[in-house]
Amino acid sequence: MKAHGINKDVCLQNLGVDPTLGLSQEEVLKRRETFGANRLQEKKKKTFFGRFIEQFKDAMILILLAAAAVSFVIACVELAKGHGNPSEFFEPGLILLIVVLNAIMGVMQESKAERALDALKNMSAPHARVIRDGKEAVISAEELVPGDIILLEAGDFVPADARLLTSASLKSEESALTGESVPTEKDADALVKEDAPLGDRHNMVFSGCSITYGRATAVVTATAMNTEMGKIANLLAGEGSTQTPLQQKLAKLGKYLGFLALGACAIIFIVGLISKMDPLDIFMTAVSLAVSAIPEGLPAIVTIVLSIGVQRMVKKNAIIRRLPAVETLGSASVICSDKTGTLTMNRMTLVKAYTEGGEIVDITTTPNEDVARLLSFGTLCSDGSVTFEDGKEIHIGDPTETAIVLAAHKCGFTKDELNTKHPRVAELPFDSDRKLMTSVNVMDGKNVVIVKGAFDVMETRCVTGDLTAARKACDAMSENALRVLAVGYKMIASVPETPTSEELESELHFLGLVGMIDPPRPEAKEAVKVCRAAGIKPVMITGDHVVTATAIAKELGIFLEGDRSITGADLDKMTEEELDAQVERISVYARVSPENKIRIVKAWQRKGQVVSMTGDGVNDAPALKAADIGCAMGITGTDVAKGAADMTLTDDNFATIVDAVQEGRGIYANIKKVIGFLLGTNIGEVVLVFVAMLLWQVSPLLSMQLLWINLVTDSLPAIALGMEPVEKDVMQHKPKPKTEGIFAHGLGVRIITQGLYFGVIALIAFRLGWVITEGLGWSAESALAAARTTAFMALSLSQTLHAFNMRSDKSLFKIGWFTNKKLSLAVLSSLALVALILFTPLRIPFGLVILPWQLYLIALGFAFSPILIMEVLKLTGCIKDNN
């Protein structure tokens with residue numbers, strides 16, 4: 001039996017401890033050997049070297065390393081024979097440098113640091129008051145063991161899970177663990193079912209939570225990883241980091257390109273051997289082919305594009321901790337959101353009032369006389385207060401009381417003024433047995449007893465007033481998920497020396513009711529509306545009561561006709577198959593546990609949906625990590641939630657998620673443009689090298705020349721393409737399916753077609769360069785160098801200018817040739833870099849030569865041909881506008 005489900009005496013007997021004496025020091029040592037220290041275990045973190053080595057697991061990187069090794073071995077062999085020179089080591093050195101730089105960037109950008117467990121550890125109480133050997137002592141919280149008797153009072157952090165033995169007006173702040181928006185009342189004598197959810201275990205206190213009111217003694221039932229907080233730590237440690245769809249697609253793309261390169265190399269070897277080519281020439285051609293097939297700059301460029309998107313999102317109050325998460329957010333099809341503090345204000349607010357003989361009315365800044373009197377009396381009978389610093393409200397005390405105080409303040413009755421005018425001369429503090437609080441205030445020379453509390457209790461103590469009408473008003477407010485308090489009063493001739501409940505809290509005059517709620521954020525309703533328009537399903541997951549949660553969900557538009565609301569207990573009874581069958585119709589989950597939240601997230605993921613989870617509490621952390629993308633709240637969010645999340649909203653604004661989704665969709669569209677641009681050029685290079693090898697048994701471009709095109713010439717336009725503005729109607733479309741590939745909607749066909757075109761024009765340029773220079777009397781070696789230079793110029797310039805084609809499916813005449821100023825600048829820079837190694841001494845290590853003027857004209861003609869052809873196709877409707 002669990003501790004909350006058994007009598008406290010049985011619990012003490014099971015733990016073998018006398019509550020008056022506590023454990024002996026000898027027994028403490030024995031138990032510490034069994035249970036260990038009261039601290040959370042930490043998951044072993046990866047070392048920098050370990051994370052660096054992981055970067056080399058990618059198929060593309062392995063092929064490049066193999067190419068560098070082959071190139072290095074050949075250079076060594078040639079040098080040993082006396083045929084080579086040290087400059088031949090430039091090529092393998094360049095390849096190796098590129099690979100290492102990519103790996104370093106990968107490690108630096110790996111921001112999914114495991115900080116969640118550290119934050120959980122920091123939430124543990126540093127000290128605890130215990131009874132040991134019959135004496136009270138203050139010890140380190142780490143020294144606690146099951147069976148220790150602990151003492152708690154207002155302001156204390158709870159050092160371990162414990163069963164209450166005695167309690168006096170005890171309240172515990174458990175919102176981080178349960179999602180409750182107000183402190184939970186605790187009672188040592190409460191009878192709790194064994195299957196009760198955390199929020200309903202009123203005879204327990206939990207590690208990492210705090211005591212806001214009252215005092216208690218308790219016996220420790222669980223420490224360290226066995227506490228509820230420890231279970232969450234276990235969930236976090238066991239929940240592996242999920243790869244985003246983009247990461248999965250790029251990994252798959254790398255494998256395909258790797259197989260393509262290896263297959264082409266195998267054919268080249270067979271052809272070379274049949275043609276009786278020099279094995280070293282075959283090896284060098286294979287290296288060139290491998291380099292041409294691998295888009296070396298793609299990982300770095302995608303990282304840069306994502307980084308630019310991250311910077312944009314910071315300006316919109318969203319901080320991304322893991323770069324690929326930007327794209328995932330754009331793919332989100334389900335947003336599972338916590339209620340308290342995310343969709344709501346996380347602050348109880350007085351919204352309705354009912355006075356004797358009147359009707360339920362909204363609270364305004366100009367209340368009628370009866371409502372003003374009700375608010376004044378409620379404030380006088382409250383210990384909570386609200387202060388203002390730099391225009392900010394600071395609530396001190398019980399949230400229900402501060403809600404009354406603030407409402408009165410807004411109506412012109414400040415608490416200080418009321419207390420000065422009507423001083424309190426006696427009181428009976430709130431306790432969970434009476435469920436009432438009473439104050440005696442002097443008004444116009446008379447002693448007025450003011451009592452506030454739950455209507456069910458007040459109803460039996462009032463002797464005047466229409467209590468039937470009041471009951472109906474209370475029920476109406478409760479049905480709308482309002483927390484209702486009743487206020488009553490009476491006059492007494494004198495103040496008793498020792499006030500009692502029987503004397504003060506009887507024969508009362510009913511004054512009225514106040515209704516309060518943690519209200520929805522004003523912008524959340526519009527955000528939910530935009531989400532639905534974008535094809536995104538919003539789901540509320542909360543630790544609050546189902547009636548309250550459903551009412552808020554209806555108001556926000558999350559709960560629609562035909563939807564269902566269920567509790568965590570209902571969910572526990574469902575099998576995985578039953579949950580999968582019903583998950584699409586359930587919009588609200590209430591009174592849920594951390595394990596419940598993970599089940600919900602994974603049920604949606606089994607449906608093929610990309611799930612985003614928002615939240616701020618410790619109880620949200622495991623699901624934040626399990627989701628495809630976790631969004632934590634920056635202001636009210638715990639460090640645990642932030643550490644487990646991919647994104648943090650700095651303004652705690654649900655509407656910020658909408659901006660983030662929009663930005664994510666735009667970034668994914670831009671990444672597709674970048675991939676299309678880079679792969680089109682790579683396919684062109686593969687076609688060039690492969691066909692030239694089959695036809696003429698020579699490599700038309702050296703691997704260094706290919707690397708320059710891939711990394712220098714193409715990279716700048718690719719980065720600029722990633723900075724295209726987000727399309728205006730991007731939130732009017734449904735999210736892309738999780739299974740949708742990068743090459744969907746005809747992109748793959750266009751990449752292959754464009755790649756073939758680049759390969760063909762480069763082959764023609766290569767052949768013309770060779771034939772023309774031989775005709776001019778150049779030597780065979782010089783003619784080959786001229787042919788390579790012509791092919792290099794045609795290929796690099798045509799690919800650079802092709803970046804303009806990739807901007808949009810619309811004609812450049814419609815969107816404007818130079819409206820993306822960054823792309824224009826990038827293209828000019830790339831052209832300048834091409835000119836740099838064509839016309840300066842830098843051409844020598846790259847194997848380039850000065851050409852006859854007619855070959856420059858041919859290369860320039862080929863360079864502009866892709867733009868001319870694409871514009872004709874766009875203007876004639878052969879390429880449809882998909883934006």
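See above for the structure.
The structure contained in this document is the topic of the report that follows. (Residues numbered from 1 in each chain as written. Predicted model: local features only at pLDDT ≥ 70, side-chain atom pairs only at ≥ 80, totals over all residues. Heavy atoms only, no water.)

1. What to know about the overall build of the protein
So, point 1. Across its full length, the protein holds 34 helices and 25 strands.
So, point 2. The buried share of the protein, taken over its 883 residues, is 55%.
So, point 3. Put simply, 73% of the contacts in the protein that link residues at least 6 apart link residues at least 24 apart.
So, point 4. Surface exposure of the protein reaches about 36,700 Å², of which carbon and sulfur atoms provide 59%. (Helix = DSSP H or I, 4+ residues; strand = E, 2+ residues; numbered from the N terminus. Buried < 20%, exposed > 50% of the residue type's maximum accessible area, 1.4 Å probe, protein only. Contact = heavy atoms within 4.5 Å. Areas by Shrake-Rupley, 256 points an atom, 1.4 Å probe, with all protein chains shown as cover.)

2. Topic: unusual backbone geometry
So, point 1. Here the phi dihedral of Asp133 falls at roughly 55°; this positive angle occurs in a residue that is not glycine.
So, point 2. You can see Asp133 is positioned in the loop between strand E1 (127–132) and strand E2 (135–140).
So, point 3. Even without glycine at this site, Lys435 takes up a positive phi of about 60°.
So, point 4. Here Lys435 shows up in the loop between strand E14 (424–431) and strand E15 (436–443).

3. Considering the pattern of salt bridges
So, point 1. Within the structure shown, the criterion is met by 28 salt bridges.
So, point 2. Of the charged contacts, one joins Arg132 and Asp148 as a salt bridge, the two residues approaching to 2.7 Å between their closest N and O atoms. Of this pair, Arg132 sits in strand E1 while Asp148 sits in the loop between E2 and strand E3 (149–153), and the two are 16 residues apart along the sequence.
So, point 3. On the basis of relative accessibility, which here comes to 0%, the residue Asp148 falls in the buried class.
So, point 4. Beyond isolated ion pairs, a larger network of salt bridges with shared partners links Asp456, Glu459, Arg471 and Asp475. (Salt bridge = Lys/Arg side-chain N within 4 Å of Asp/Glu carboxyl O.)

4. Re helix H14 (residues 369–380)
The α-helix winds at 3.6 residues per turn, so residues separated by three or four positions along the chain end up facing the same way.
So, point 1. For H14, with 12 residues, the first-to-last C-alpha span of 17 Å sits near the 16 Å given by 1.5 Å per residue.
So, point 2. Counting buried residues in H14 gives 9 out of 12 residues, a clear majority hidden from the surface.
So, point 3. By the burial criterion, the buried members of H14 are Val371, Ala372, Leu374, Leu375, Ser376, Phe377, Gly378, Thr379 and Leu380. (Expected span 1.5 Å × (residues − 1).)

5. Some remarks on the packing of aromatic side chains
Working definition: an aromatic ring pair is given by the centre-to-centre distance plus the angle between the planes.
So, point 1. A full pass over the atoms with the stated rule returns 6 aromatic pairs.
So, point 2. Aromatic pair Trp696 and Phe766: ring centres 5.6 Å apart, planes at 35°, arrangement tilted. Residue Trp696 is found in helix H27 (residues 654–696), and its partner Phe766 is found in helix H30 (residues 747–775); the two are separated by 70 residues along the sequence.
So, point 3. Overall, the relative accessible area of 0% leaves Phe766 in the buried class.
So, point 4. Each residue in the set Trp696, Phe766 and Trp770 is aromatic and connected to the rest through ring pairs, giving one cluster.
So, point 5. The ring of Tyr213 carries the charged tip of Lys171 above its face, separated from the ring centre by 5.9 Å.
So, point 6. The cationic tip of Lys171 hangs over the ring face of Phe430; the distance from NZ or CZ to the ring centre is 4.7 Å. (Phe/Tyr/Trp six-rings, centres within 6.5 Å; stacked < 30°, edge-to-face > 60°. Lys NZ or Arg CZ within 6 Å of the ring centre and 35° of its normal.)

6. Details of the pairing of strand E16 (residues 446–453)
So, point 1. Burial of E16 is extensive: 7 of the 8 residues sit out of reach of the surface.
So, point 2. Here E15 runs beside E16; their pairing, made up of 8 bridges, is antiparallel. Pairing of Asn441 across the sheet is with Val448, part of E16.
So, point 3. Count of turn residues in the E15/E16 antiparallel hairpin: 2 residues, of which Asp444 carries a positive phi of about 50°.
So, point 4. Bridging between E16 and strand E18 (residues 483–492) involves 7 bridges; their strand directions are antiparallel. Residue pairing for E18: Gly453 is matched across the bridge by Ala486. (Pairing = 2+ DSSP bridges.)

7. As for the packing of H14 against helix H15 (residues 399–410)
So, point 1. Look at H14 against H15: their axes get within 9 Å of each other, and the N-to-C directions meet at 135°. With respect to H15, the element H14 is oriented oblique. Taken as a pair, H14 and H15 cross one another with a handedness that is left-handed. Two secondary-structure elements touch here, H14 through Leu375, Gly378 and Thr379 and H15 through Ile404, Val405, Ala407 and Ala408.
So, point 2. Of the residues belonging to the contact of H14 with H15, the class tally is 5 nonpolar, 2 polar and no charged. (Axes fitted to C-alpha atoms, helices over the stretch in contact; angles between N-to-C directions. Parallel < 35°, antiparallel > 145°, perpendicular 65-115°, else oblique. Left-handed = near helix turned anticlockwise from the far one by under 90°. Nonpolar A, V, L, I, M, F, W, Y, C, P; charged D, E, K, R; others polar.)

8. Remarks on a nonpolar patch on the surface
So, point 1. Side chains of Trp853, Leu857, Leu860, Phe864 and Leu868 sit close together on the surface and give an oily, nonpolar patch of about 580 Å² of accessible area.
So, point 2. Within the secondary structure, Leu860 sits in helix H34 (residues 853–875).
So, point 3. Using a relative accessible area of 35% as the deciding quantity, one classes Leu860 as partly exposed. (Patch = residues over 30% accessible without salt bridge, like charges linked within 9 Å, V, L, I, M, F, W, Y side chains within 5 Å.)

9. Regarding the sheet that holds strand E22 (residues 586–590)
So, point 1. Across the sheet, which stays open at both edges, the 8 strands sit in the order E8-E25-E24-E23-E9-E20-E22-E21 with mixed pairing between neighbours. Two strands lie at the open edges of the sheet, namely strand E8 (318–320) and strand E21 (564–567), each paired on one side alone. Strand-to-strand, the axes of this sheet are offset by a mean angle of 20°, without reference to chain direction.
So, point 2. Where strand E24 (residues 629–633) and strand E25 (residues 647–649) come together, 3 bridges link them in parallel fashion. Bridge pairing in E25 links Cys631 to Met647.
So, point 3. Across the sheet, helix H21 (residues 546–556) touches strand E20 (537–541), E21 and E22, and the angle it forms with E22 is around 145°.

10. Section: the environment of Ile675
So, point 1. Considering the arrangement of structural elements, one finds Ile675 in helix H27.
So, point 2. Taking relative accessible area as the criterion, Ile675 reaches 1% and is therefore assigned buried.
So, point 3. When the C-alpha positions of Ile675 and Phe743 are compared, they lie 9.2 Å apart, and in sequence the two are 68 residues distant.
So, point 4. Among residues more than four places away in sequence, those in contact with Ile675 are Leu250, Leu253, Leu298, Gly680, Ile742, Phe743 and Ile751.

11. Brief notes about the layout of surface pockets
So, point 1. One number sums up the size of the second largest pocket: a volume of about 1,400 Å³.
So, point 2. Val182, Glu185, Thr400, Arg483 and Val484 are the residues nearest the centre of the second largest pocket, which is lined by 49 residues in total.
So, point 3. The leading source of residues in the lining of the second largest pocket is helix H18 (residues 467–479), at 4 residues.
So, point 4. Residue classes in the lining of the second largest pocket are distributed as 17 nonpolar, 13 polar and 19 charged. (1 Å grid on protein atoms, 1.4 Å probe; cavity = no way out; pocket = protein on both sides within 12 Å on 5 of 7 lines; lining within 4 Å. Points joined across faces, edges and corners; volume = space filled by probe spheres on them.)

12. Topic: the nonpolar core
So, point 1. Counting 135 residues, the largest nonpolar core has Phe510, Leu513, Met647 and Phe792 as its most contacted members.
So, point 2. Take this core: its biggest share by element is 17 residues, from H27.
So, point 3. Setting aside anything within four residues of it in sequence, one finds Leu513 in contact with Lys352, Ala353, Tyr354, Leu374, Phe455, Ala470, Ala473, Cys474, Met477, Val484, Leu485 and Ala486. (Core = buried A, V, L, I, M, F, W, Y, C linked by side-chain atoms within 4.5 Å.)

13. Some points on H34
So, point 1. The end-to-end C-alpha distance of H34 is 34 Å, a good match for the 33 Å that 23 residues give at a rise of 1.5 Å each.
So, point 2. Along its length, H34 shows its largest kink, about 30°, at Ser865, and proline Pro866 lies within four residues downstream of that point.
So, point 3. Buried within H34 we find Leu855, Tyr856, Ala859, Phe862, Ala863, Ser865, Pro866, Ile867, Met870, Glu871 and Lys874. (Bend = angle between axes of the 7 residues up to and from the residue.)

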